[in-house]
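One-letter residues, chain by chain:
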Amino acid sequence: MKTLLATIALLYLSSTVLAHDIYTDLRDRDGHLCCGGKDCRPVQATVLPNGSYYLPATGEIIPADMATPSPDDRFHHCFYYPILNPVDPYVGPVWDNTPKT
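Residues numbered from 1 in each chain as written. Predicted model: local features only at pLDDT ≥ 70, side-chain atom pairs only at ≥ 80, totals over all residues. Heavy atoms only, no water.

## Some remarks on the overall build of the chain
Along the backbone of the chain there are one helix and five strands. In the chain, the succession of helices and strands from N to C terminus is α-β-β-β-β-β. Counted over contacts in the chain with a minimum sequence separation of 6, partners at least 24 positions apart contribute 31%. Approximately 7800 Å² of the chain is accessible, and the part contributed by carbon and sulfur atoms is 61%. (Helix = DSSP H or I, 4+ residues; strand = E, 2+ residues; numbered from the N terminus. Contact = heavy atoms within 4.5 Å. Areas by Shrake-Rupley, 256 points an atom, 1.4 Å probe, with all protein chains shown as cover.)

## Structural notes on a nonpolar patch on the surface
Judged by side-chain polarity, Leu-84, Tyr-90, Val-91 and Val-94 come together as a nonpolar surface patch covering roughly 470 Å² of accessible area. For Val-94, the position within the fold is in the segment after β5 (76–78). Relative accessible area serves as the criterion here: at 33%, Val-94 is assigned to the partly exposed category. (Patch = residues over 30% accessible without salt bridge, like charges linked within 9 Å, V, L, I, M, F, W, Y side chains within 5 Å. Salt bridge = Lys/Arg side-chain N within 4 Å of Asp/Glu carboxyl O. Buried < 20%, exposed > 50% of the residue type's maximum accessible area, 1.4 Å probe, protein only.)

## Quick notes on the packing of aromatic side chains
Here the structure, examined in full by the defined rule, presents one aromatic pair. On the numbers, 5.4 Å between centres and 55° between planes, the contact of Tyr-53 with Phe-75 is tilted. Residue Tyr-53 is found in strand β3 (residues 53–55), and its partner Phe-75 is found in the loop between β4 (60–62) and β5; the two are separated by 22 residues along the sequence. (Phe/Tyr/Trp six-rings, centres within 6.5 Å; stacked < 30°, edge-to-face > 60°.)

## Quick look at the sheet that holds β4
Taking strand neighbours across the sheet as the criterion, the three strands line up as β2-β3-β4 in an open arrangement whose pairing is antiparallel. The outermost strands of the open sheet, each flanked by one partner alone, are β2 (46–47) and β4. Sheet analysis places β2 next to β3, joined by two bridges and oriented antiparallel. Its bridge partner lying in β3, Thr-46 is registered against Tyr-54. (Pairing = 2+ DSSP bridges.)

## Remarks on the confidence of the model for the chain
Taken as a whole, the chain shows an average pLDDT of 74; of its residues, 68% reach a score of 70 or greater. Contacts of residues 12–19 to residues separated by more than four positions or lying in other chains number zero contacts, the stretch itself having pLDDT below 50. (pLDDT = per-residue confidence, 0-100.)

## Thoughts on the side chain of Asp-96
Position of Asp-96 among the secondary structure elements: in the segment after β5. Only 3.2 Å separates the side chain of Asp-96 from the backbone nitrogen of Thr-98, close enough to count as a polar contact. Those residues in contact with Asp-96 that lie beyond four places of it in its chain are Tyr-81, Pro-82 and Leu-84. (Polar contact = N/O pair within 3.5 Å; in protein donor to acceptor, adjacent residues only side chain to side chain.)

## Notes on the state of the cysteines
Under the criterion given, the structure shown has one disulfide. The disulfide partner of Cys-40 is Cys-78, and the gap between their sulfur atoms is 2.5 Å. Negative torsions about the S-S bond denote left-handed disulfides, and the value of about 115° found for Cys-40 with Cys-78 makes this one right-handed. Within this pair, whereas Cys-40 is found in strand β1 (residues 40–42), its partner Cys-78 is found in strand β5, the two being separated by 38 residues in sequence. Grouping residues by exposure puts Cys-40 and Cys-78 together as buried. (Disulfide = S-S within 2.5 Å.)

Encoded structure:
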């Protein structure tokens, strides 16, 4: 029984690691790291007639020139939380609550 549980745990962990491998070293059109395995996820997207992409889950429209081809031919949404006050030495960084694409 312990062997079975260990095997299941190993398979689960290895598939989780492989799921994030796609984001490691993935770069945008300007050469910046896209996500590095953080804050990215596969999403459903609809290609609009003008070439932009509509993300039904967030209601966002991603301009075609902002999108980067994915190595697995799926759609992925990468986002981050910007720092609101990067220069306040007493408070430290305060992060925005709204993610940016």
